[in-house]
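# Fold and contact review
Residue-level listing of the chains:
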Amino acid sequence: MENVIEVEGLRKHFRTAMRQRRVEAVRSVSFQVARGEIFGFLGPNGAGKTTTIKTMVGLIRPTAGRIRIQGGEPGKLSVMARIGFLPEQPYFYDYLKPQELLDTFGRVFGLPAALRRKRIDALLAQVGLDHARGRTLRKFSKGMLQRVGIAQALLNDPDLVILDEPLSGLDPIGRKEVIDLIASLKARGKTVFFSSHILADIERLCDRVVIIDRGVVRAEGTLGDLLGAGRSDKEILVEGAGTGDELAALPGVRRVDQIGAGVHRVVAAGDRSDELLRYVLDRGARVTGVTEQRMSLEALFLDRAFEGPQAREAE
Amino acid sequence: MTGAFGGTFRRIGAIARNTFIEASRNRAFIGLGIAAVALVVSSMAISGLALSDQRARVLVDFGLFSIALLEVVIAITMGVILVFKEVDRKTFYVVLTKPILRVEVLAGKLLGLLAILALSLVAMGLAWVLVLWLRDVPLPSDLVQALVLSWFQAALMTAIALFFSAFASPILSGVFTFGAFLVGSMVPVLEELLTLKKGPLATNPAARFLAESTVSLTPDLSVFNVGKELILGIPVGWGYVGAAGGYCLAWCVLFFGLAALVFERRDFN
């Protein structure tokens, strides 16, 4: 499948004030995004997500590495005409009304007046700001500014939409609307690249994800691959299999909870669960339930993005 | 090529229009505009202090001086924050990621501010004409030329402010630009001092070199000041205005070009 974003060996360092110290914001980032997919970009604060995104949209020049956006270089007019971008916590001109802001950008895109009006009306309705046309942007809440940001990112009907924390600042209803909007973009064949801290939303929406930390890619792949590759535990409910301490001493057992008289919930490593089942059945105990515990994206994120103090010190 | 240039003009026009609308609604500008008109009108009170045969002269001289100075004040105060505000508040993140060149954004911002300066000039000019009319002072024949020249001066100061603000903080940019205004207004004095056979500029080579460099590297703002001509009834032809416009344009292109070079290489962290 055709890649719409290709990032290879991206590096970016900054100099602190007075050029005292070199800060490496991005050390080694490479990934590809295929046309039509929703791609999640994950990482803790300071991981290098926003720096990577800014190099992708031409706001920052990389120190090293190569970026191709829809086959062209970031910043080229023909490339920028086909992408939509929402920065993190967007801010706009205080004294303009939302339709005036969108009109300015529509003029920059070269949209004819009639099409501009039509798109602006449709987008303001889509992001739920129809009622706020009479107000200047300085009177907008953070969530409303986020909606304006989404509207301006979609004004040119882009093939590729790059969203930096699109769900931040939104209330639960707003979040659901934006999630639905992102899903509808995919349904229309658009490619969506977005960063978020809200892992449940990424898990719900994304086809593939990249996890970065301290400027380095820690994991990349489809959610199925990544979560499948992680540990998969089994929760087994047993009755009359002995004491909790006896069960906890068995190989592969991660956790034991007593939930009733002689009834225990045992969490065991997936690859050792058969052994455990044989042991409890051989002892004449009763197994009342077995549930597979799939690794959550959150667990994977914590596992990959925070690999422990030793890993940090080693780097 | 026509299409490419058409696109450039369209994009610059969109940014200029945006800058004009945003600035014209800004309370700071509205306040500054009201103060400017009030200062022009206050020339009525100041003329009352002058001898009766000098009142007309004071009204003309003080009115034009106030307009020119206030245009420069607006140019410097708005010019130094023109780019800084957009970077500081991160509004540039959404503008520069559109299909537009950085130099086009800068040109649009500059043109939008020049339109604001033209608007404030018209407001102050009308207030001045009203004051002259109320005091039965005949309108100077070259009043429009004088106003256009003061706009040229403000335009040049805007370009200088833009250049300094490309790499310095607003306060420093303001100090540098106001310094350039003071030095630019003193260029004829320096030129005269350089012709003297006596004095430090004649005897001290370092001082002479400094003065000569200042005269060469600083725009001569006296070109735009025709207050004396207006009072004495010396005609200021449109030919002179055109030549002064060319002089202004040449310096504006230089300062804008330097600002664009800095802006083009900048990272927006």
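Refer to the structure presented above.
Rules of the game
- Residues numbered from 1 in each chain as written.
- Chains lettered and ligands numbered in written order.
- Predicted model: local features only at pLDDT ≥ 70, side-chain atom pairs only at ≥ 80, totals over all residues.
- Heavy atoms only, no water.
- Helix = DSSP H or I, 4+ residues; strand = E, 2+ residues; numbered from the N terminus.
- Expected span 1.5 Å × (residues − 1).
- Buried < 20%, exposed > 50% of the residue type's maximum accessible area, 1.4 Å probe, protein only.
- Arc of directions from axis to C-beta.
- Contact = heavy atoms within 4.5 Å.
- Axes fitted to C-alpha atoms, helices over the stretch in contact; angles between N-to-C directions.
- Parallel < 35°, antiparallel > 145°, perpendicular 65-115°, else oblique.
- Nonpolar A, V, L, I, M, F, W, Y, C, P; charged D, E, K, R; others polar.
- Phe/Tyr/Trp six-rings, centres within 6.5 Å; stacked < 30°, edge-to-face > 60°.

Another point: helix 4 (residues 113–126) of chain A. Residue and element names in this part refer to chain A. Across its 14 residues, helix 4 extends 20 Å between first and last C-alpha, which sits within 8% of the 20 Å expected from 1.5 Å per residue. For helix 4, the full list of buried residues reads Arg-116, Ile-120, Leu-123 and Leu-124. Projection of helix 4 onto a plane perpendicular to its axis shows the buried side chains occupying an angular sector of 95°, all on one side. Among the exposed residues of helix 4, those pointing more than 90 degrees away from its buried face are Ala-114 and Lys-118. Considering only its buried residues, helix 4 is in contact with helix 3 (98–109) and helix 5 (142–154). In the stretch just after helix 4, Gly-128 is the one whose phi turns positive, near 75°.

A few words now on the packing of helix 5 of chain A against helix 6 (residues 172–187) of chain A. All names here are of chain A. At a minimum axis separation of 12 Å, helix 5 and helix 6 run at an interaxial angle of 10°. The pairing of helix 5 with helix 6 is recorded here as roughly parallel in orientation. Contacts from Arg-147, Ile-150 and Leu-154 in helix 5 reach Gly-174, Glu-177, Val-178, Leu-181 and Leu-185 in helix 6. Across the contact of helix 5 with helix 6, the residue classes tally to 5 nonpolar, 1 polar and 2 charged.

Quick look at the environment of Ala-28 of chain B now. By the secondary structure assignment, Ala-28 of chain B is in helix 2 (residues 27–49). A C-alpha to C-alpha distance of 29 Å links Ala-28 of chain B and Gly-227 of chain B, two positions 199 residues apart in sequence.

Counting across every chain of the model gives 18 aromatic pairs over all chains. Look at Phe-39 of chain A and Phe-193 of chain A: their rings are 5.6 Å apart centre to centre, the planes differ by 10°, and that puts the pair in the stacked class. Of the two residues, Phe-39 of chain A is situated in strand 3 (residues 38–42) and Phe-193 of chain A in strand 7 (residues 191–195); the sequence distance between them amounts to 154 residues. Using a relative accessible area of 0% as the deciding quantity, one classes Phe-39 of chain A as buried. For Phe-193 of chain A, a relative accessible area of 0% corresponds to the buried category. Here the aromatic rings of Phe-163 of chain B and Phe-167 of chain B are separated by 5.3 Å at their centres, their planes lie at 75°, and the arrangement is edge-to-face. On the accessibility criterion, Phe-167 of chain B (48% relative accessible area) is partly exposed. Joined through ring pairs, the aromatic side chains of Phe-163, Phe-164, Phe-167, Phe-176, Phe-224, Tyr-247, Trp-251 and Phe-255 of chain B make up one cluster.

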